[in-house]
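# Summary of the model geometry
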Amino acid sequence: MRVRNRAFFLFLFLFSAPVFASADERRGDAFVTSSIAEPSNLIPFLASDSASAEVSRLLFNGLVKYDKNLKLTGDLASDWDIEEGGLVIVFHLRKNVRWQDGEPFTARDVAFTFRALTNPSVPTPYGGDFEKVVSLETPDPHTVRVRYKEPFSPGLASWSVGIVPEHLLKDADWPATGFSRNPVGTGPYKLVQWTSGEKLVLRANPDYFEGAPFIARVVYRILPEPTTAFLELETENIDSAALSPLQFKRQTGTPFFKTHYAKYAFPSFSYTYIGYNLRNPLFADKKVRKAIGLAIHKQEIIDTVLLGYGRAATGPFLADGWAADPAIGPSGFDPSRAKALLAEAGWRDTSGDGILDRGGRRFSFTILTNWGNTDRKMACEIIQKRLRDVGIEMNIQTLEWSVLLREFIGKKRFEAVLLGWQLSPEPDPYDIFHSSKTGPGQFNFVSYKNEEADRLMEEARRIFPEAERAKIYHRLHGILSEDEPYTFLYVPESLVALHRRFKGVEPAPAGIGHNFIEWYVLKNERKYR
Amino acid sequence: MNYFLKRSGGLVVLFFGITLISFAVIHLAPGGPTDIYSQMNPKVSAEAAEKMQKLYGLDRPLLEQYGSWAKRVFFFDFGRSFRDGRPVTKKIAAAIPVTLLMSVLSLLFILAAGIPLGIYGAVHEGTRRDGVLSAVLLAGFSLPVFWAALLAMSYFGVGLRVLPVAGIHSLFFDEMTFFEKIRDVAWHLILPVSLSALAGLAGISRFMRANLIQVLKENYIRTARAKGLSERKVLYGHALPNAILPLLTLLGLSVPGLLGGSVIFESIFSIPGMGRLFFDSVFARDYPVIMGVLVLGAILTLLGNFLADWAYAACDPRIRLGEKF
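Residues numbered from 1 in each chain as written. Chains lettered and ligands numbered in written order. Predicted model: local features only at pLDDT ≥ 70, side-chain atom pairs only at ≥ 80, totals over all residues. Heavy atoms only, no water.

## Some remarks on the overall build of chain B
Condition: Helix and strand assignments come from DSSP, with helices taken as H or I runs of at least 4 residues and strands as E runs of at least 2, each series counted from the N terminus. Throughout, exposure labels follow a simple rule: accessible area from a 1.4 Å probe, protein chains only, divided by the maximum for the residue type, with under 20% read as buried, over 50% as exposed, and the rest as partly exposed. What makes two residues a contact is simply this: any of their non-hydrogen atoms within 4.5 Å.
Each helix and strand in chain B was counted, giving 14 helices and zero strands. Projected onto the principal axes, the alpha-carbon positions of chain B cover approximately 85 × 70 × 40 Å. Expressed as a percentage of its 325 residues, the buried residues of chain B come to 42%. Long-range pairs, those at least 24 residues apart, make up 69% of the contacts in chain B between residues at least 6 apart in sequence.

In structure tokens, the structure reads:
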């Protein structure tokens, strides 16, 4: 027993040596990654594209953030209280946080950021979350009291917006390009170089309040062509890249790739769906929508389009998030039931051409999707075949994004669309399914209206405790699944390759980037100075 | 003198005509610059999108928008990009050197290889070698460039690891010495320049070959041969200068194209040039940048035409003196 114990300790010592490497020994090397587009603006609330958001996340902090399990936790605020039945949120700010230029971070900066977000001459797309705020007070330098018109629980997550320094921006001429290209934040990295169209270089902030990150430099190389990014991965010129299902499955099996890169797959924060224009008589009948849902073989789409890297979507919530009701499955694949439902709705093939008709009108419609997204186009083609099998003719039209949005969705001139939504860990689907959001340019463009669903969404916004909100959202999930204003299709997986020299990577529901500042490279494996 | 005044006056009118039409066309294209913000992001409210429309002045009538744009352009103010707020002139100025370097190098490459190939083809007209050469050039011309580029990147960059895959600089370019920098850029330019030359090679060499064949059939060539000149002298002393002249016209016309850049090449090789700037701006509906690039193109084209007219006028008195005859 003793001997075995000793062997165990020896084993422990040998294999955990890297874990015991001191902080200084871990410090160094560079993480080189690629971005498909150039960031447009690094000021957090002006950064609307994903490239900007990704970089600005390393430069700035919000008051709150999501941890690896997608729970809200303090960031610049150490904690917060909900007061007066949810009308007031009080943030207690961390002391000893400094801007990268040495100035102390205080509640004044939070107040300034709030004023900028609601300033009509600041071109931010994110003002909407803050419209419900009545006032923001700073009783002392480390306390922020936010008062809302009505209790608004999604508002808490909106404070994850990056806070900007008042002392550098108070006289700014928006959109403040000087600052946006030379930003000063509180975050773990600072921007040291930005060569337009080529790369951005970030350097570790030694005074970061959570401790300096181990990786000394982060480089974003702008590689607009995904194939080029993949070739750069194969030559070890970049350390990480998002992969397509085809690359992930078929092109990364070489011994070289396996020894140098680790691959990660986790559910993405998005889903793909068919949205029906409910004002169109064709889709006003729930039976018809359900029939289409039953006629589509979702796993087939996942296996063909995503090569299996995805799962069937069941509703508008994060696949493993707290808001989704795990008991609700995807609508099944049952063509005969679909046919029966269509017959119940009055659709029969009286003309004998294989296409159903009712009152002289053939069941034929056009689905729209955005040009340039091959996955969606392929999904449309598979669906086209499956619907043909139950007697529905579906035409496919792909349109440039702007045109699709402005001319068709915005003006409600469509029959059905195949599109996707990006999700955040905050589940509130109010903007997408509430009946008050059907105006021009608003996101309930399918014109869904269900009084109970409306009431549930309003109620969930007034409640803060997650467990209670979850109950409401589970019910809503059931209603949406029953009404089927959308046919939820699939949740693709995010596929990533990462160089093996990076240690400390911890896959979690939030992905792998959540503990980036704890990643490190052992001294003998370092590639860059 | 009168002729030039009239011509330049016409140019100014033409210039504003071009800008008016371009302005109208890009604004009438569906979609707008704020779409990239509200790209199906439920966090972006319709009110916010409207607010941005107003900030960019996009809610005003088109003619009024054009008026204020034209007024600013008159004072050489092209405005700022909607996308990142940087001055348009700065963005264009940053993209020009790379594009110019690439297109000039590739043009030189085309001339250096295309003219000799054309001469070779003309001299050996109708032979087997000429046939093979034609077939190879035709193949080079017909290859989809993006495909050829990817194959070359994969072979030289990934397979052999002798050339960089993409970009025009190494990662830590700034830490290099001056000579290392020059070597580094040259290293990165080999693939994109030679590949972009590949397609142009066929055109120039075919043109050269056809011209030379034509010239070689002229009477003065027969005379030169008849008086006993060496074939070398006939070819290089008499035929070639005459065959090259039309080529110069062709080159003159390609001048505006030198700054145009190629979206495909710049995207595949991740080169931040004019082609990509324009392409990205169009998709983001970044009107000020689109207009800036179009204005540059219009000026270069008009200037090219003006210079061509001037050159013709200088050579041909019938044009210069016009109606007096």
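Moving on, there is more to tell.
## A few points about the pattern of salt bridges
Residues and elements named next belong to chain A. Stated formally: A side-chain nitrogen of Lys or Arg and a carboxyl oxygen of Asp or Glu constitute a salt bridge if their distance falls within 4 Å.
In total, this model carries 35 salt bridges over all chains according to the counting rule given. One salt bridge in this structure joins Arg147 and Glu84, with 3.1 Å as the shortest N-O distance. Of the two residues, Arg147 is situated in strand 7 (residues 143–148) and Glu84 in the loop between strand 4 (77–83) and strand 5 (88–93); the sequence distance between them amounts to 63 residues. With a relative accessible area of 45%, Glu84 lands in the partly exposed category. In this structure, Arg469 and Glu426 form a salt bridge, with 2.8 Å as the shortest nitrogen-oxygen distance. In this pair, Arg469 sits in helix 19 (residues 466–483) while Glu426 sits in the loop between strand 19 (416–422) and helix 17 (430–433), placing the two residues 43 residues apart along the sequence. A residue is classified by how much of its surface remains accessible, and Glu426, at 9% relative accessible area, is buried.

## Some remarks on the domain arrangement of chain B
All names here are of chain B. Cut-off, in case you're wondering: Residue ranges assigned to the domains are those given by an automatic or database domain assignment. N or O atoms closer than or at 3.5 Å make up a polar contact, with two conditions inside protein: a donor-capable atom paired with an acceptor-capable one, and, for residues adjacent in sequence, both atoms drawn from side chains. Under the scheme applied, nonpolar residues are Ala, Val, Leu, Ile, Met, Phe, Trp, Tyr, Cys and Pro; charged residues are Asp, Glu, Lys and Arg; polar residues are all the others, including Gly.
We note that the domain assignment places domain 1 (21–74) and domain 2 (95–322) within chain B. Between domain 1 and domain 2, the residue contacts involve 12 residues of the former and seven residues of the latter. Our enumeration of links across domain 1 and domain 2 arrives at zero salt bridges. The interface formed by domain 1 and domain 2 holds zero residue pairs in polar contact (both at pLDDT 80 or more) in total. Tallying contributions element by element places helix 1 (residues 2–28) first for the side of domain 1 that touches domain 2, with four residues. For the side of domain 1 that touches domain 2, a count of residues per class yields eight nonpolar, four polar and no charged.

## Examining the environment of Pro245(A)
Locating Pro245(A) in the fold gives a position in helix 9 (residues 245–251). Here Pro245(A) falls in the buried class, since its relative accessible area comes to 16%.

## Things to note about the interface of chain B and chain A
The test is simple: By definition, the buried area sums, over both parts, the 1.4 Å-probe accessible area that each loses when the two are put together.
Contact with chain B, which involves 49 residues of that partner, is made by 61 residues of chain A. Interface area, chain B with chain A, both sides summed: about 4,700 Å², of which 57% is carbon and sulfur. The interface formed by chain B and chain A contains three salt bridges. Of the charged contacts, one joins Glu175(B) and Arg217(A) as a salt bridge, the two residues approaching to 3.1 Å between their closest N and O atoms. Counting every contact that joins chain B to chain A gives eight residue pairs in polar contact (both at pLDDT 80 or more). At the level of secondary structure, the elements contributing two or more residues to the side of chain B that touches chain A comprise helix 2 (46–55), helix 6 (145–159), helix 11 (263–268) and helix 12 (274–284) of chain B.

## Digging into the packing of helix 4 (residues 88–123) of chain B against helix 7 (residues 178–216) of chain B
Pairs of packed helices are described in terms of their axes, by the angle between the two and the distance that separates them. Residue and element names in this part refer to chain B. As a reminder of what qualifies: Every angle, taken between N-to-C directions, lies between 0 and 180 degrees, and every axis is a line fitted to C-alpha atoms, over only the stretch in contact when it is a helix. For any helix crossing, the convention is left-handed if the near helix is rotated counterclockwise from the far helix by under a right angle, and right-handed if that rotation is clockwise.
Their axes nearest at 5 Å, the elements helix 4 and helix 7 cross at an angle of 40°. When you trace helix 4 past helix 7, the crossing you get is right-handed. Taken together, the residues of the contact of helix 4 with helix 7 break down into 21 nonpolar, eight polar and one charged.

## Regarding the side chain of Ser153(A)
All names here are of chain A. In this structure, Ser153 sits in the loop between strand 7 and helix 5 (154–158). Taking the relative accessible area as the measure of exposure, Ser153 reaches 4% and is therefore buried. A polar contact of 3.1 Å, which involves the side chain of Ser153, links it to the backbone oxygen of Ala460.

## Things to note about the sheet that holds strand 6 (residues 133–140) of chain A
Strand pairing within a sheet occurs via backbone hydrogen bonds; the two strands may be parallel or antiparallel. All names here are of chain A. Let me state the cut-off plainly: Here the rule is simple: two strands pair whenever DSSP picks up at least two bridges between them.
The antiparallel open sheet is built from four strands, whose spatial order is 4-5-7-6. Bordering the open sheet on either side are strand 4 and strand 6, each of which pairs with just one other strand. Here the strands of the sheet are splayed against their neighbours by 20° on average, with no regard to which way each runs. Together, strand 5, strand 6 and strand 7 form the strand contacts of helix 4 (residues 107–117), whose direction differs from that of strand 6 by roughly 165°.

## With respect to the domain arrangement of chain A
Residues and elements named next belong to chain A. According to the domain assignment, chain A contains domain 1 (28–36 + 188–267 + 501–525), domain 2 (64–169) and domain 3 (270–492). The C-alpha-based centres of domain 2 and domain 3 are spaced at 36 Å. Each partner contributes residues to the interface: domain 2 has 13 residues there, and domain 3 has 12 residues. Carbon and sulfur atoms supply 66% of the area buried between domain 2 and domain 3, which totals about 1,000 Å² over both sides. The partner of Lys71 in a salt bridge is Glu466, with the nearest N and O atoms 2.8 Å apart. Our count for the contact surface shared by domain 2 and domain 3 stands at six residue pairs in polar contact (both at pLDDT 80 or more). Of all the elements, helix 5 adds the most residues to the side of domain 2 that touches domain 3, at three residues. Residues that form the side of domain 2 that touches domain 3 fall into these classes: nine nonpolar, two polar and two charged.

## Comments concerning the nonpolar core
All names here are of chain A. We count it as follows: Residues grouped as a nonpolar core are buried Ala, Val, Leu, Ile, Met, Phe, Trp, Tyr and Cys residues, joined through side-chain atoms within 4.5 Å.
Counting 77 residues, the largest nonpolar core has Tyr271, Phe363, Phe365 and Tyr486 as its most contacted members. A per-element tally of this core places helix 16 (residues 401–409) first, with six residues. If we skip the residues at most four places from it in the chain, Tyr271 touches Ala313, Gly315, Pro316, Leu419, Gly420, Trp421, Leu423, Phe433, Tyr486, Phe488, Tyr490 and Val491. Phe45, Leu58, Ala77 and Ala111 belong to the second-largest nonpolar core, a separate cluster that totals 66 residues.

## A few points about a nonpolar patch on the surface
Residues and elements named next belong to chain B. Short version of the rule: Patch building starts from residues that exceed 30% relative accessible area and form no salt bridge, then joins like charges within 9 Å and nonpolar side chains (Val, Leu, Ile, Met, Phe, Trp, Tyr) within 5 Å. Residue burial considers only the protein chains on display, and all accessible areas are found by Shrake-Rupley using a 1.4 Å probe.
Taken together, the side chains of Leu143, Phe146, Trp147, Leu151, Leu198 and Ile264 define a hydrophobic patch exposed on the protein surface, amounting to about 530 Å² of accessible area. It is helix 6 that provides the largest number of residues to the nonpolar patch, a total of three residues. Secondary-structure assignment places Leu151 in helix 6. You can call Leu151 partly exposed: its relative accessible area is 44%.

## Some words on the packing of helix 4 of chain B against helix 5 (residues 128–142) of chain B
All names here are of chain B. As a packed pair, helix 4 and helix 5 sit with axes 8 Å apart at the nearest point and diverge in direction by 145°. Along this stretch, helix 4 crosses helix 5, giving a crossing that reads as left-handed. Within the contact between the two elements, helix 4 uses Leu117, Tyr120 and Gly121 and helix 5 uses Arg129, Asp130, Leu133 and Leu137. The residue makeup of the contact of helix 4 with helix 5, split by class, is four nonpolar, one polar and two charged.

## Let's talk about the environment of Leu70(A)
Summarising the element assignment, Leu70(A) is placed in the loop between strand 2 (64–66) and strand 3 (72–74). Apart from residues no more than four positions distant in its own chain, Leu70(A) is found in contact with Phe269(A), Leu318(A), Pro425(A), Pro509(A) and Ala510(A).

## Brief notes about the side chain of Ser270(A)
Residue and element names in this part refer to chain A. Note that Ser270 resides in strand 13 (residues 270–276). A distance of 2.9 Å separates the side chain of Ser270 from the side chain of Ser268, its partner in a polar contact. Contact partners of Ser270, with chain neighbours within four places excluded, come to Trp421, Gln422, Leu423, Val491 and Pro492.

## Some remarks on helix 4 of chain B
For clarity, the threshold we go by: Multiply 1.5 Å by the residue count of a helix minus one, and that product is the helix's expected span. One axis fitted to the seven residues ending at a residue, another fitted to the seven starting there: the angle between these axes is the bend at that residue.
Between the first and last C-alpha of helix 4 of chain B there are 51 Å, a value that for 36 residues agrees with the 52 Å anticipated at 1.5 Å per step. Maximum bend of helix 4 of chain B: about 30°, positioned at Ile96(B), with proline Pro97(B) one to four residues after it.

## Here we look at unusual backbone geometry
One can expect most non-glycine residues to show negative phi and most peptide bonds to be in trans. Residue and element names in this part refer to chain A. Of note, the phi angle at Asn96 is positive, near 65°, even though the residue is not glycine. Its place among the elements puts Asn96 in the loop between strand 5 and helix 4. The phi angle at Leu307 is positive, at roughly 50°, despite the residue not being glycine. Of note, Leu307 is situated in the loop between helix 13 (298–305) and strand 14 (310–312).

## Some thoughts on the pairing of strand 4 of chain A
Residue and element names in this part refer to chain A. Taken together, the six bridges between strand 4 and strand 5 define a ladder with antiparallel strand orientation. Within strand 5, the residue paired with Asp81 across the bridge is Val90. Where strand 4 folds back onto strand 5 in an antiparallel hairpin, the turn is made up of four residues, including Glu84, whose phi is positive at roughly 50°.

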